[in-house]
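Chain and residue survey
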Amino acid sequence: MHAYGVMLMAAIITLLLIIYNCFDQVLTTRERRLAKSRDAAARNVRETAKARQRWQAAKDAAKKQARGLQDHLSRTFSRKKSIQHMEKIKISDQARYETVDDLYPHSHSITLNETLPLPVPSNRKKNESGDLTQKIHEIEHDHDNHENLDFELRDVKRKGHASKAKHISTESQIFNYAYAQLEKEKAQQQENKNLTFSGVISMATNSEVRKRPLIEVSFKDLTLTLKAKEKHLLRSVTGKIRPGRITAVMGPSGAGKTTFLSALAGKATACKRTGLILINGKNESIHSYKKIIGFVPQDDIVHGNLTVEENLWFNAKCRLSADLAKADTVLVVERVIDSLGLHTVRDSLVGTVEKRGISGGQRKRVNVGLEMVMEPSLLFLDEPTSGLDSASSQLLLRALRREALEGVNICMVVHQPSYSLFRMFDDLVLLAKGGLTVYLGSVKKVEEYFSGIGINVPERVNPPDHLIDILEGIVAPSADSNVNYKELPVRWMLHNGYPVPPDMQQNSAGLVMSPIGLYPVNGTNPDIDVMGDNSFAGELWQDVRNNVELHRDKIRLTFLKKTDLSNRRTPGVFRQFRYFLGRVCKQRLREAKLQAVDYLILLLAGACLGSVTNISDDNLGAAGYTYTIIAVSLLCKIAALRTFSLDKLQYWRESASGMKSLAYFLAKDMIDHFNTAIKPVVYLSMFYFFTNPRSSFTDNYVVLLCLVYCVTGIAYVLAIFFEPGSAQLWSVLLPVVLTLVATRNTKNVVLKNISYLCYPKWALQAFVIATAERYQGVWLITRCGALLKGGYDLHDWSLCLGILILMGVVSRIIAFLGMLIFRKK
């Protein structure tokens, strides 16, 4: 048996080495074949587009040549006819006309009128042309409305175009359709680039471009106060962000830029909010539009073990409309890849800290692309250009500009943009320290406003840099003005007629106050620390209460149901479960080396424990099984911790965007069932043949299967409730401590009752009962003595397995609830 065990171990090690070195090539080969099909489709479409352009150019040249020949013949024929006509006139009217030259102009004009008749347009065409001309004149007079023309004039896709996309099935047809549409869009953008009269007419009459739902966010006297310290993060911010425009939020460090963005997105917790936030002029929750709102965090939270295309494709499938055809989904993904300039790295892994992937700038663009592929109507971005060079930043802004042309409301935090980048924004929100508004309006009028109050931007100085330096107190506003940078928020309030808080009225001394520019003084100062006079116990109680309120707010945001007003039906739980399952399979295939190492360690543990364990008939092999329970529990728990601890940030982002947490959890657990079924075989392939117990291989496998299922669920709980370091410590201590408690013979009632909650007790009892059933004849007395000593019953084998499975199910339910409660907003 030992020789057989050695041969089996050598065969399994060889198989693990093959998996370790070659298993990742399955995905690589499949991606290479798909890339060939995609490149062939793109090349075919480009060649077709070039051929069409050459044909159009040849056709235009032939038309021009034919028109020129026709004009030449017409002029020749007209000249001969006019000469003959003039000779007749000369003969009949010699007394009246002395020369032929006096008659030539008159006859030539008649000839032109005869040969080139002008058709009279119908009344309907006259009215349409007049209305369109009137609209163009209105646009020329009102330039601000002209900026919003691009998305207001567009309409939904034609039904025939959508039905065409739904009937496309093969990959080559899908890619041909997608790239053909991209070429058409590029040609249209090139035609309408300069917004001439013909360009505006082309945009106005285009009916193939889809329009997204418009979302306008207005806010009035928005104030956020930190509950723990009664400190203002935002104060009296009033204004609006409009669809079809890119709004930049700028200011010095500590001005509350990210807080402002989080407040509008409904993600601000541990804060007391006052004021109004209106959606399209209505007092509705922003969470009701969660399906069509994108939020790009400051950190690049992307799955590093997936390629760029796989990351974008997964978000598109889970967050786009469930009724959207696959061809249109491919078109959306390809459009984002094209606009963000990610062609060269689309098949490259994003990468992690340990494994090198794409560059930092490309990773930043992928982070933005995850929200762009779901075609949002409102898009928030937290410093998307940080870490990017000027070229990459302009590429990103051009992609966002294209989104804005489709009616998307874009609001982004920017940190010291270049002048060329600054001019690409439509609106600016400039905040001072303390969350106070200094300016909120059009970018084109910001220099005009500040020059009106005596602050002029010097020549060859970037305006946003100069303004931020003033707000930081580094640079004086102007030498010839008496403006103090602390007065700028008050000046903005007075400029717009907003009320000035009482604690800020000292900065408004000498300024002209409007009648409504004062708050009613109530004798309190909002910036005074109300906890200053409390005792130590009072401050401690206040901190505990604030922490409880913080967790309460998080739980309320998690479980509070809002009416869905987005009019988008995203895929349900079962469909998203299928998408999550496919993604986790790809991740595990790329982690095949790590899985092979886990199996190898389990294999060596089985061989070592099987070699040192001596089967004794007095205890039915309980000692060896005790070591088995500890070893298998420890190794399987540590491996199962990676299931949920490695991608917590990615889960928090995906769940906040509306993806189904249940689908995510079930897909992770389903893939782990593979390890649950394989790991007992790997361990027993060594342990069973080295120890040669009386129990059958099948019985041992069933018990280990239930044991691994139980400890995997416990590992989920540890990974979700604790940090990675603490979770690993708990996973090492729990098997040892629980096994000691379960195997200790004591008359203490408390410890005995606790032992019933320890899974090692039921696993060990199942192993011993499976071995005891093989003792027959003269060994019955030995069997009965061993069972009586351990307190086991021969008929409880199924009960032990059922309790192990029940513990696994209960621990999974606890882990799922903890995942919902403790997720970060």
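Look a little higher up for the structure.
Notes on the structure in this doc start here. Quick caveat: nothing in here was measured; it's all calculated off a predicted structure.

What follows concerns the overall build of the protein chain. Scanning the protein chain for helices and strands turns up 30 helices and nine strands. For the protein chain, buried positions account for 46% of its 825 residues. Roughly 42800 Å² of accessible area belongs to the protein chain as shown, and the carbon and sulfur atoms make up 57% of that amount.

Within the largest apolar cluster, 86 residues are counted, with the highest numbers of intra-cluster contacts made by Phe260, Phe380, Leu400 and Phe450. Those residues within four positions of Phe450 in sequence are excluded, and the remaining contacts are Leu430, Val438, Tyr439, Ile455 and Leu467. Membership of the second largest hydrophobic core comes to 73 residues, among which are Phe665, Ala667, Phe687 and Val768.

The next thing to look at is the pattern of salt bridges. A full pass over the atoms with the stated rule returns 22 salt bridges. With a shortest N-O distance of 3.0 Å, Asp672 and Arg588 are connected by a salt bridge. One end of the pair, Asp672, is in helix 24 (residues 661-691); the other, Arg588, is in helix 20 (residues 573-590), and 84 residues separate them in sequence. The network of salt bridges with shared partners includes Arg242, Arg245 and Asp427.

What follows concerns the packing of helix 24 against helix 30 (residues 797-821). One can describe the packing of helix 24 onto helix 30 by two numbers: an axis separation of 11 Å at closest approach and a directional angle of 140 degrees. Classified by the angle their axes make, helix 24 and helix 30 are oblique. Taken as a pair, helix 24 and helix 30 cross one another with a handedness that is right-handed. Across the interface between the two elements, Ser661, Leu662, Tyr664, Phe665, Asp669 and His673 from helix 24 touch Arg812, Ala815, Phe816, Met819 and Leu820 from helix 30.

Right, let's get into unusual backbone geometry. Even without a glycine there, the phi angle at Gln416 is positive, about 50 degrees. Residue position: Gln416 is located in the loop between strand 7 (409-413) and helix 15 (419-422). For Gln416, a relative accessible area of 38% puts it in the partly exposed group. Even without being a glycine, Arg460 presents a positive backbone phi close to 60 degrees. Locating Arg460 in the fold gives a position in the loop between helix 16 (446-452) and helix 17 (463-472). With a relative accessible area of 89%, Arg460 lands in the exposed category.

Cut-offs and rules
- Residues numbered from 1 in each chain as written.
- Predicted model: local features only at pLDDT ≥ 70, side-chain atom pairs only at ≥ 80, totals over all residues.
- Heavy atoms only, no water.
- Helix = DSSP H or I, 4+ residues; strand = E, 2+ residues; numbered from the N terminus.
- Buried < 20%, exposed > 50% of the residue type's maximum accessible area, 1.4 Å probe, protein only.
- Areas by Shrake-Rupley, 256 points an atom, 1.4 Å probe, with all protein chains shown as cover.
- Core = buried A, V, L, I, M, F, W, Y, C linked by side-chain atoms within 4.5 Å.
- Contact = heavy atoms within 4.5 Å.
- Salt bridge = Lys/Arg side-chain N within 4 Å of Asp/Glu carboxyl O.
- Axes fitted to C-alpha atoms, helices over the stretch in contact; angles between N-to-C directions.
- Parallel < 35°, antiparallel > 145°, perpendicular 65-115°, else oblique.
- Left-handed = near helix turned anticlockwise from the far one by under 90°.

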